[in-house]
Amino acid sequence: MEAQKRFGLPEVDETLMKRIIAIDGDISLLNLGLSDDAYNLLAPEIDFIIHASAEVNLIFLFHSLYKDNVKATKNIIQFALHNKVKPIHYISSKAVFADGMLGCGEDSDMFAHVDRLQSGYGQTKWLAEQLVLLAAKSGLPCVVYRFGNLSGSTKRASCNPSDFTLYMIQGVIRTGAVPDIKWKIEMTPIDFVQEMFVEMYLDLNNIMGEIFHFVDDDQLPCEELWKLMERRGYNLKSLPYNDWAKQVHANKDLKPLSHLLQSLAKNENYFTNLAELKRERLNCFIEKRKVTYPVADAELYSKYLDHLHQLGCIPVAANSPNKSEASAEIDTDLSGKIVLVSEASSDIGAAIAEKLALCNAKVTMFDTNLEKLDNLKEKFEQAGATQVLAKKVDVTSTIEVKYAVKMFERCWGPVEILVDNGNCMYYQVMKNCDVVKWCKMEDVNGKGSLNCLAAVVGGMAERKSGRIVNITSDAVKVLMENLIFLVVWRL
């Protein structure tokens, strides 16, 4: 559920949720972190395993990733053999190939280049993959899927907020410049992968023991993406790579990209030295089903840019043809200020969010009524607002608030202004009290405010800056007539 919110994925239907069972464990530990009884009870109930768990970090060294990527895979293989045999669908990565390798096939000799693997992630994924393939040679049914860069769905707005391509797009927008590099951008839409996975699970007997490459071999030159962004209204100039990187390092909002450039893409040669994979076996599989691999062209990237804007990951261009002239009437400029408005679908919350958005602030709206938030977002954008994000969040849930704040802070930066608008009121006197409704009032007005404060105030204190606006009521000053309070202190 946390990942759903982080990646902007749709909520799972309640009927499907009943078929999903979450088990608290840790696959890097003995017995997957379960008790002996729980482990033994679970083993005969599982029919097959999709092992997609991994610590994806292009900076960490081998020993830092060994536990999560290698030890965890050993434990999964042991579990697959316990009590009854369970086939493994193992999610691998193109990182198992060394930089600069060309024409890497599904059956390439993986030992020919192992000494050239540079990243700890690539090294641990290579070793974990070899463990799975060794188990397959010993008779355990296994399929290996090597992925390149997976992009969001083509049908709805979703993305990985830690994706390198997204970081590069954000870097270009925030610096107002493009690096002079020769980079072919590779990505495969996740909805295509989902569809193919279902087909493969249904054809398990014919693919067991095989390796499949999910990698786009018709890649988009970065120059085409820069041109597309310029057509959408972004003013971009070209800079030598080192000069552009210096601007990235100087921008505090681009810290994740800055770290990656310093440790991974130290010069422009990185972008021309990426491994290139072939997908011959997957092509045969999809051709039999009369399916074509999606083409990552300018049309698809244009759709992705729309999605990224909807998710609040990038702003609309200053010269966007869709931008209204109404923004010229703004009398206060809050450009760059990052604002969170809770319970924003209410009249007061909506009015505050609209004014802040039209003052050029980056506004994120929280509420449980996503339909109403989306309508407000559309209204604000038609009026000239360019950076508005609507998120379905229950402010009474500590986890939902925490991860929703983390998600948009990764895209925009830390919250600078919190408008705590949590306000729930039922017109009831105590003698006719509906306990359920009163508990909801207590949760929204008390716990909701606490959760929002807890999610942002630590960062504000650390930065020694920030503003918190609490929307309350004059009801706090009014006592009900003839109401007597009895307070008892026990010492």
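Look up a bit, the structure's there.
Residues numbered from 1 in each chain as written. Predicted model: local features only at pLDDT ≥ 70, side-chain atom pairs only at ≥ 80, totals over all residues. Heavy atoms only, no water.

A. Region of interest: the sheet that holds strand 14 (residues 417-420). The strand order across the open sheet formed by five strands is 13-12-11-14-15, and the pairing between neighbours is parallel. Taken across any chain shown, the strands that pair with only one partner, and hence form the sheet edges, are strand 13 (388-392) and strand 15 (467-470). Between one strand axis and the next, the sheet turns by 15 degrees as a mean value, whatever way the strands run. By the bridge criterion, four bridges tie strand 11 (residues 338-341) to strand 12 (residues 362-367) in an arrangement that is parallel. Following the sheet pairing, I338 is matched in strand 12 by K362. (Pairing = 2+ DSSP bridges. Helix = DSSP H or I, 4+ residues; strand = E, 2+ residues; numbered from the N terminus. Axes fitted to C-alpha atoms, helices over the stretch in contact; angles between N-to-C directions.)

B. Quick look at the environment of L300. Among the structural elements, L300 can be located in helix 14 (residues 298-310). Judged by relative accessible area, which is 11%, L300 ranks as buried. Not counting the four nearest positions on each side in its chain, L300 is found in contact with T154, P189 and V295. (Buried < 20%, exposed > 50% of the residue type's maximum accessible area, 1.4 Å probe, protein only. Contact = heavy atoms within 4.5 Å.)

C. Spatial organisation of the pattern of salt bridges. Scanning the model with the defined rule gives 15 salt bridges in all. Here R146 makes a salt bridge to E129, at a shortest N to O gap of 2.6 Å. Here R146 is found in strand 3 (residues 142-147), whereas its partner E129 is found in helix 5 (residues 120-137), with 17 residues between them in sequence. We note that R146, like E129, is buried. (Salt bridge = Lys/Arg side-chain N within 4 Å of Asp/Glu carboxyl O.)

D. Looking closely at the packing of aromatic side chains. On inspection of all chains with the given rule, the structure shows 21 aromatic pairs. A ring pair is formed by F164 and Y270, whose centres lie 6.3 Å apart and whose planes are at 75 degrees; its orientation type is edge-to-face. Placement of F164 in helix 6 (residues 164-175) and of Y270 in helix 12 (residues 269-272) is noted, with a sequence separation of 106 residues between them. Judged by its relative accessible area of 15%, F164 is buried. A ring pair is formed by F197 and F214, whose centres lie 6.0 Å apart and whose planes are at 70 degrees; its orientation type is edge-to-face. Of this pair, F197 sits in helix 7 (residues 190-202) while F214 sits in strand 8 (residues 211-214), and the two are 17 residues apart along the sequence. (Phe/Tyr/Trp six-rings, centres within 6.5 Å; stacked < 30°, edge-to-face > 60°.)

E. Up close: the sheet that holds strand 1 (residues 49-51). Strand order in the open sheet formed by four strands is 1-2-3-8, and the pairing between neighbours is parallel. Each of the sheet's edge strands pairs with one partner strand only, and the pair in question is strand 1 and strand 8. Within this sheet the neighbouring strands show an average axis-to-axis angle of 20 degrees, counted without direction. One ladder, built from three bridges, connects strand 1 with strand 2 (residues 88-93); its direction is parallel. Following the sheet pairing, I50 is matched in strand 2 by H89. Running over the sheet, helix 4 (residues 62-81) touches strand 1 and strand 2 and is turned about 175 degrees from strand 1. Along the sheet, helix 7 contacts strand 1, strand 2, strand 3 and strand 8; its crossing angle with strand 8, the most-contacted strand, is approximately 165 degrees.

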